[in-house]
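In case you want the letters, here they are:
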Amino acid sequence: MSEETFMGVPRNTIDWSPIVDYDKCNYCMECVKFCPHQVYEVRENEDKKFIVKNPDNCVVFCRACGKTCGVDALTFPNKGETTKKIKETRKEMAGNE
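Residues numbered from 1 in each chain as written. Predicted model: local features only at pLDDT ≥ 70, side-chain atom pairs only at ≥ 80, totals over all residues. Heavy atoms only, no water.

Draft legend 1. Broad picture of the packing of aromatic side chains. Throughout the structure, instances matching the rule amount to seven aromatic pairs. An angle of 70 degrees between the planes, with centres 5.4 Å apart, marks the rings of Trp 16 and Phe 61 as edge-to-face. Note that Trp 16 is positioned in the loop between strand E2 (9–10) and strand E3 (19–20) and Phe 61 in the loop between strand E5 (50–52) and helix H2 (64–67), a separation of 45 residues in sequence. Look at Trp 16 and you get buried, because its relative accessible area is 1%. Relative to Phe 50, the ring of Tyr 27 lies with its centre 6.1 Å away and its plane at 85 degrees, an arrangement referred to as edge-to-face. Within this pair, whereas Tyr 27 is found in the loop between E3 and helix H1 (30–34), its partner Phe 50 is found in strand E5, the two being separated by 23 residues in sequence. By relative accessible area, which is 2% here, Phe 50 ends up buried. (Phe/Tyr/Trp six-rings, centres within 6.5 Å; stacked < 30°, edge-to-face > 60°. Helix = DSSP H or I, 4+ residues; strand = E, 2+ residues; numbered from the N terminus. Buried < 20%, exposed > 50% of the residue type's maximum accessible area, 1.4 Å probe, protein only.)

Draft legend 2. Geometry of helix H3 (residues 79–95). Given a rise of 1.5 Å per residue, 17 residues ought to cover 24 Å, and the 24 Å separating the end C-alpha atoms of H3 matches this to within 8%. Thr 82, Ile 86 and Thr 89 are the residues of H3 that are buried. Buried residues along H3 cover an arc of 65 degrees about the axis, so they all sit on one side. The outward face of H3, more than 90 degrees from its buried face, is lined by the exposed residues Glu 81, Lys 84, Lys 87, Lys 91 and Gly 95. Here the buried face of H3 lies against strand E1 (5–6) and E2. (Expected span 1.5 Å × (residues − 1). Arc of directions from axis to C-beta. Contact = heavy atoms within 4.5 Å.)

Structure, rendered in structure tokens:
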């Protein structure tokens, strides 16, 4: 991943990455093919054919891979709650300086 921070907040403190509903997923792999950030890892010989291996590689607020999913098997955290947490973290960080 190229970015260590997002809006001045360490990326690894931000909860933003796809959540796979394996009950809906048909393993078309369109999300894996689409994402250029190596968020997913393919595991062909396992029941779950792919996983979210590198969640911090996911671009915060990006949902593009989810739009490639015809069965809506991908969801993301609540954007408003994530924004609120980022702002709170920035405030805390400013208070520690």
